[in-house]
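# Descriptive analysis of the structure
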Protein chains: 4
Amino acid sequence: MQVGICNQYESVRKQSVRICQPLEVEDYLVQPMPDASPPKWHLAHVTWFFETFVLKPFLPGYQPFSIAYEVIFNSYYNGVGEQHPRAKRGLLSRPTVADIFDYRAYVDRHMESLLVGKISPEVSFRTTLGLHHEQQHQELLFTDLKYNLGHNPLSPMYQQGKPVPDVQPQTLNFQEFSGGIYQIGVNAGDGFAFDNESPCHDVLIRDFCLSNRLVTNAEFIEFMEDGGYQRPELWLADAWALQRSEEKHYAPLYWQQRQSEYFVYTLAGLAPVNPLEPVCHVSGYEADAFARWKGARLPTEMEWEVAANSQEQTGVFVEDGFFHPLAADTGELSGMFGNLWEWTQSSYSPYPGFKSFQGQLGEYNGKFMANQLVLRGGSCVTPRSHIRPSYRNFFYPADRWQFTGIRLANDV
Amino acid sequence: MQVGICNQYESVRKQSVRICQPLEVEDYLVQPMPDASPPKWHLAHVTWFFETFVLKPFLPGYQPFSIAYEVIFNSYYNGVGEQHPRAKRGLLSRPTVADIFDYRAYVDRHMESLLVGKISPEVSFRTTLGLHHEQQHQELLFTDLKYNLGHNPLSPMYQQGKPVPDVQPQTLNFQEFSGGIYQIGVNAGDGFAFDNESPCHDVLIRDFCLSNRLVTNAEFIEFMEDGGYQRPELWLADAWALQRSEEKHYAPLYWQQRQSEYFVYTLAGLAPVNPLEPVCHVSGYEADAFARWKGARLPTEMEWEVAANSQEQTGVFVEDGFFHPLAADTGELSGMFGNLWEWTQSSYSPYPGFKSFQGQLGEYNGKFMANQLVLRGGSCVTPRSHIRPSYRNFFYPADRWQFTGIRLANDV
Amino acid sequence: MQVGICNQYESVRKQSVRICQPLEVEDYLVQPMPDASPPKWHLAHVTWFFETFVLKPFLPGYQPFSIAYEVIFNSYYNGVGEQHPRAKRGLLSRPTVADIFDYRAYVDRHMESLLVGKISPEVSFRTTLGLHHEQQHQELLFTDLKYNLGHNPLSPMYQQGKPVPDVQPQTLNFQEFSGGIYQIGVNAGDGFAFDNESPCHDVLIRDFCLSNRLVTNAEFIEFMEDGGYQRPELWLADAWALQRSEEKHYAPLYWQQRQSEYFVYTLAGLAPVNPLEPVCHVSGYEADAFARWKGARLPTEMEWEVAANSQEQTGVFVEDGFFHPLAADTGELSGMFGNLWEWTQSSYSPYPGFKSFQGQLGEYNGKFMANQLVLRGGSCVTPRSHIRPSYRNFFYPADRWQFTGIRLANDV
Amino acid sequence: MQVGICNQYESVRKQSVRICQPLEVEDYLVQPMPDASPPKWHLAHVTWFFETFVLKPFLPGYQPFSIAYEVIFNSYYNGVGEQHPRAKRGLLSRPTVADIFDYRAYVDRHMESLLVGKISPEVSFRTTLGLHHEQQHQELLFTDLKYNLGHNPLSPMYQQGKPVPDVQPQTLNFQEFSGGIYQIGVNAGDGFAFDNESPCHDVLIRDFCLSNRLVTNAEFIEFMEDGGYQRPELWLADAWALQRSEEKHYAPLYWQQRQSEYFVYTLAGLAPVNPLEPVCHVSGYEADAFARWKGARLPTEMEWEVAANSQEQTGVFVEDGFFHPLAADTGELSGMFGNLWEWTQSSYSPYPGFKSFQGQLGEYNGKFMANQLVLRGGSCVTPRSHIRPSYRNFFYPADRWQFTGIRLANDV
């Protein structure tokens, strides 16, 4: 068992470093908006997680690498102590990138010394949690870095990436599912899952249908050209208030119009918008408005999970090396996993009987159950081993910097 | 039938005027925060509603009272046209209060001329909707006026109000309800209801229990004195962010501490906090934090409705003339109706199969289904005839200026 | 002497009431922006001034009308005590307008009982100061009321006003003045003056010239049509930053463009812009940009005073009943007094040897000597007896709601 | 002549690089507030200045290094074109620091090829201006870097710096100067000067006195301990408004209180406040409040220049390697040059007859003549060759991140 967890530890930790390999030192520092933390901070914060929740309580005699880091790299754990202000993570030129790599090495060395011995179930659980946590930040490394480079006037490339195959997406149609009582969520002990996926419970669902694939850029351009962004009847009131403010949008994030053509920033640089690909980097509000325009709606998270439970968990993940969504080519219900996170209409709220993790780790998920929407399925920058049908991601409905797309639903 | 609707029309319209009788001209004007519109605006907007949705389309030859009012008194109906900015309603010294009463008289005269004749089902529906709409604004007249007077350094009284009876509330305990499949919501045709209460549908609920009464001031003071407002582990993340900002709170709205005693502004003026009364004017965030502190949770709106369906619809309403919540004295599950709106943990979202009202009236409810929580049961300033078990009120979780209270729930 | 001051007291106090005669009760309440206080507040604040600085210290046994008013109607005298927040003056529906008139009557009664007796020089000085203070607020009654009515979608009229005579303004030319050492300012004892006008002192000035009249609307439209508002090279950096923000302007305050014609709100209602009249309601930044566009500059306050000292103090004042600037028709240097306040390029700063009034009254003027510009000469809503060549008015360079205009200057 | 300018060019350009030698790559990037640009940006912007104003117009066939840099490194020259938003300079991870050094080398190579030939007076003037411009940014490198490192929780040191000598400052006293007509400013042609120092002109000054040295930390602590920051009567109204906002201060910038002792961040790291040293990093508002508390005032810039004209131009400059102000030890009027910029009470405004530089370079100084105060004399991070008695520096009265101190003045 320890061999297993040691190997996982080493593998996940190396992957974070691998993601950063194409970066210049300067890229590690920038925080282009409060939500998009600098890569340096991500690399240190996930390390702080192991130090705080595993090494300090469980490795006898462990000396923290730096007292100051306890505050600087605490994200939001009030139970642990004060935090450096989130919006000011990009203002710290020190510790340097080299310091952070030293920090990682120091913590890795101690984690390995702990893991080679006999470890308690709690150490095993916390280490596993720390690895899933680091995988979440691996995805954020991509999204936050993309936000940085994508707003740079030089439009620098992160990496060439694998060439995107040229595929004709299927015709949009809807696949029906029968209503009834279904089980969703998971129970503790059924393999790793976050607390917010528990407990496993019955839900009563009506007949519904889901679109066989994600909405494409071509379809979204139709919406835009039909005045979608200017028609209040398509928008939720809070979304329309944004559309009348300084925050108004005219297209998905990273799109630019030059004369009559649309371009989009990708991690391989600026490129013409490919009409066949799924539309990406839309907010929950945009997804909702598009669905209304199309005479459809967004799925609930229960519908999504019921549908996903009958699918193979294949799809485009970070290991595929595209860092970009691909057009769907086959299957009755393609792309439920990977490719793009799918907005649901469900507010992020506790499952009946929900109990958060014990102690300080209780702040991991539960306290965010307000004002956010659930997204499902993972994306092209999610690690393949990280995702499950029951996995609940959550973002504010106005957020656009994640790899988010639109799957339509409807009543039958 | 027309007699019925004529009488209802007259009765509801007169009630709005009656509510304003204790006011000085000056009180009609003030908008103490963007959400709390001036009484003058309320009186005119509900009139605009009849003019816009009934008279213009259905009374041949109707001439609007004023072209300018079409913009000034449009609340949020983009389908109708532009709107005077919400936050600037209190900056309009003209039209005067007298002008508004002229406007009301003009529209009433025309409405009556329409209603005495034979009217179509659509006119009947829209008139009834307009009356329910006006009842909603009657409640807002109280809450917005209270916000104004309650923030005035003179603490002026609205009206003496009926003396609040001195009652010892019951001991707090929890009443159990069995889980199972229940029907909630209503179907069109089962008497008047808003679109957001439809359709009637089955829900699957687990065993749960509800507190037999609302949380009292005494209990809330315990929470405060236990450091409730200062303990991050009790608060949702978004709520705690507010608590660390300029918006932080230390007590319910309208409370003041003088030495060791708490005072509260009521519509009868400033008074000592009565520990036996239900705590009032708390936000959804405060309700949630209190529940967590108490080892409980807020009910879902489904649980609430299931429990309410078994209750008599009695309680303290505006007609009782207290304009203030009363301590609960009897009953196994007291105060489900009237007294105070009860926060639920349920996000305001569409029922499965939801269809909004047709046409411009579709903006009435549906577009607000984001970022808000459902409240249930009505309050001491709600008209008695306005409430139903299926009635869904909705406010943002940070809102405190409505007559809102806390009923606890728990798993069994 | 007492007869004199009694008469002056009565006369000035009555004039404030007379200005408000055309108002509806509602108009007394509105504060359309933080700088534009409600008429009710002005009427009470000037009364508070007499109560605080004359009656309380000098009328034995005087009982304040209301303890609460001491805070509510204190503008900015920290030495006196706390103040109701300036931006929230318009949120007070109580005290009512009738209460304020009672307050005025109460204070007037006591002031008269004090003034009929033998009074000390200090009482005489403070009463006189209070009357000049009330005259300043009489001008603000006009400007603040205009801001309110002028932003109301009904464009209501304050009063018809005397018809503006149809006069052809003179050709713009420049009158030269010889440089040298001149005396400006006044010394205490030379009749009433504010502390900021003292001491009288020598200044060294170079040859300069002033335009014979104010800039007209026609000339300002030329600037606009030459792209004046869009050309950064014409604007100070701080002004251009505003022009690139939400605060950007395209025309003077109160102007509206309808098709190709300009309209302007005046206290007599909306009217076409008269090209012959002086341009009014421009900021110091707009005045500066216009001057630069014209190859000229704004005068310094020393130049202005030197030129004004050689002029008769005639002009259009509030007593003339236009409430609007008139075109200049005669004279070599017309309109130096009355008509419009003239922006200077001089920062509002202390004269050499400046001493502020003693005690709490020291806050009257001196503490504002930062970030503001001096304006000179009075306007069409200034009381005629209020102005002097040495009078220094001051506003922030971005302010536009006063009756402000542009006189050009140049080096010789 | 060309040899001279070639040498100067090389010397000044090298000095910028030398200042950055102690930096980590990460330090080049950070913009801790909008006013404090990243070192990388400074190094590139001064290079852009030569490219834009010298090479493009005067070196035939010159190819810009990068089209994108024309926008990114334009500070505020609207006449040249668009600018990357000032507040977002710290969000650019690319171009990298290495790219910027390549840019500098490219421009230097071309500048040298231009300067070795015969050059026109205009090229000579612009090159000289560019060097003075670069010297200004050398000072900003220190101040902006200090703001960054000084707000880092690790308090990293920039460089050890030369040890500060232990000197007892003189007793504070005032030296008198006779009033009269004095000449201040310079005329074009009298050696290099900025346009804002011209023309040379007569001013009329009254007798005045200046303190013999700068105010010390000990004296400023007295002010603090006397409640200086809490007493509204000491503050200008705009300053007091800040003191009642989120921006309130309790001590000079970079001070921290730990128990009863004050510490201050210096470029050599955190250190106890030395009571003998001049107080540093105070705003113009703090300087003004201190002076009022002391019964004195700030000098006018005319008074300062008149006094300075009689002094030797010696003092502590950047070449002395302290990067910190020193206590004054000798002289009747010590420290007029170097050590700390001295706040004056004079608004930054045009001298009579002022003409800005021709063309695009006219934006260099003139457009900032609003809302700022003049500072005089240079500081311990100013290059010695950069300063003159007539030199006018200018900052907003609330600014504190420059090396600013207080010299008192008074009337006689």
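Predicted model only: the values in this text are computed from it and were never measured.

The next thing to look at is the pairing of strand E4 (residues 208–211) of chain D. All names here are of chain D. In E4, alternate side chains face the same way, and those of Phe208 and Leu210 on one face and Cys209 and Ser211 on the other are all buried. Taken together, the three bridges between E4 and strand E14 (residues 409–411) define a ladder with antiparallel strand orientation. Its bridge partner lying in E14, Cys209 is registered against Asn410.

Residue and element names in this part refer to chain B. Taken in spatial order, the three strands make up an open sheet running E1-E4-E12, and their pairing is antiparallel. On the outer flanks of this sheet lie strand E1 (174–177) and strand E12 (409–411), each paired with one strand and no other. Across the sheet, the axes of successive neighbouring strands diverge by a mean angle of 25 degrees, strand direction being ignored.

Turning next to the packing of aromatic side chains. On inspection of all chains with the given rule, the structure shows 168 aromatic pairs over all chains. Ring centres of Phe125(B) and Phe357(B) lie 5.4 Å apart, and the angle between their planes is 70 degrees; this geometry places the pair in the edge-to-face category. One end of the pair, Phe125(B), is in helix H5 (residues 121–150); the other, Phe357(B), is in the loop between strand E8 (341–347) and strand E9 (373–376), with 232 residues separating them in the sequence. By relative accessible area, which is 26% here, Phe125(B) ends up partly exposed. Residue classification places Phe357(B) among the buried residues on the basis of a relative accessible area of 13%. With centroids separated by 5.8 Å and ring planes inclined at 80 degrees, the aromatic side chains of Trp304(D) and Phe337(D) adopt a geometry described as edge-to-face. Of this pair, Trp304(D) sits in helix H9 (residues 301–308) while Phe337(D) sits in strand E9 (residues 337–338); the two residues are 33 residues apart in sequence, bridging distant segments of the chain. Like Phe337(D), Trp304(D) is buried.

All right, on to a negative patch on the surface then. Residues Glu246(A), Glu247(A), Glu246(C) and Glu247(C) make up a contiguous surface patch of negative charge. Note on placement: Glu247(C) falls in the loop between helix H7 (237–243) and strand E5 (255–258). Under the relative-accessibility criterion, Glu247(C) is labelled partly exposed at 47%.

A word on the interface of chain A and chain D. Chain A puts 27 residues into the contact, and the matching count from chain D is 27 residues. Here chain A packs against chain D, burying approximately 2100 Å² in sum over the two surfaces, 64% of which is carbon and sulfur. A salt bridge links Asp27(D) to Arg94(A), with the shortest nitrogen-to-oxygen separation between them at 2.5 Å. The tally of links between chain A and chain D comes to 10 residue pairs in polar contact (both at pLDDT 80 or more). Looking at the side of chain A that touches chain D, the elements with two or more residues in it are helix H4 (97–115) and helix H5 (121–150) of chain A. Residue composition of the side of chain A that touches chain D, grouped by class: 16 nonpolar, seven polar and four charged.

It takes a turn of 180 degrees to lay chain A on chain D, together with a shift of 0.0 Å along the axis; the resulting RMSD is 0.0 Å. Both copies of the chain, as the preceding transformation shows, are related through a two-fold rotation axis. The rotation axis passes nearest to the C-alpha of Glu26(A) in chain A, at a distance of 3.2 Å. When you check the interface residues of chain A against chain D, 100% turn up at the interface there too, and the contact is symmetric in its surfaces.

All names here are of chain A. Per the domain assignment, the segments of chain A are domain 1 (3–150) and domain 2 (174–411). Computed from C-alpha atoms alone, the centre-to-centre distance between domain 1 and domain 2 is 27 Å. In this complex, domain 1 contributes 28 residues to the contact, which on the side of domain 2 involves 30 residues. When the area that domain 1 buries against domain 2 is broken down by residue, the three leading residues are Glu139, Phe142 and Lys146, summing to 26%. At the boundary of domain 1 and domain 2, one finds zero salt bridges. There are 17 residue pairs in polar contact (both at pLDDT 80 or more) connecting domain 1 and domain 2. Of all the secondary-structure elements, those providing two or more residues to the side of domain 1 that touches domain 2 are helix H2 (39–58) and H5. No other element matches H5, which puts 18 residues into the side of domain 1 that touches domain 2. Considered class by class, the residues forming the side of domain 1 that touches domain 2 number 13 nonpolar, 10 polar and five charged.

Rules used throughout
- Residues numbered from 1 in each chain as written.
- Chains lettered and ligands numbered in written order.
- Predicted model: local features only at pLDDT ≥ 70, side-chain atom pairs only at ≥ 80, totals over all residues.
- Heavy atoms only, no water.
- Buried < 20%, exposed > 50% of the residue type's maximum accessible area, 1.4 Å probe, protein only.
- Helix = DSSP H or I, 4+ residues; strand = E, 2+ residues; numbered from the N terminus.
- Pairing = 2+ DSSP bridges.
- Axes fitted to C-alpha atoms, helices over the stretch in contact; angles between N-to-C directions.
- Phe/Tyr/Trp six-rings, centres within 6.5 Å; stacked < 30°, edge-to-face > 60°.
- Patch = residues over 30% accessible without salt bridge, like charges linked within 9 Å, V, L, I, M, F, W, Y side chains within 5 Å.
- Areas by Shrake-Rupley, 256 points an atom, 1.4 Å probe, with all protein chains shown as cover.
- Salt bridge = Lys/Arg side-chain N within 4 Å of Asp/Glu carboxyl O.
- Lys, Arg positive; Asp, Glu negative; His and termini not counted.
- Charge placed at Lys NZ, Arg CZ, Asp CG, Glu CD.
- Contact = heavy atoms within 4.5 Å.
- Buried area = accessible area lost by both parts, 1.4 Å probe.
- Polar contact = N/O pair within 3.5 Å; in protein donor to acceptor, adjacent residues only side chain to side chain.
- Nonpolar A, V, L, I, M, F, W, Y, C, P; charged D, E, K, R; others polar.
- Least-squares fit on C-alpha atoms with pLDDT ≥ 70 in both.
- Domains from an automatic or database assignment.

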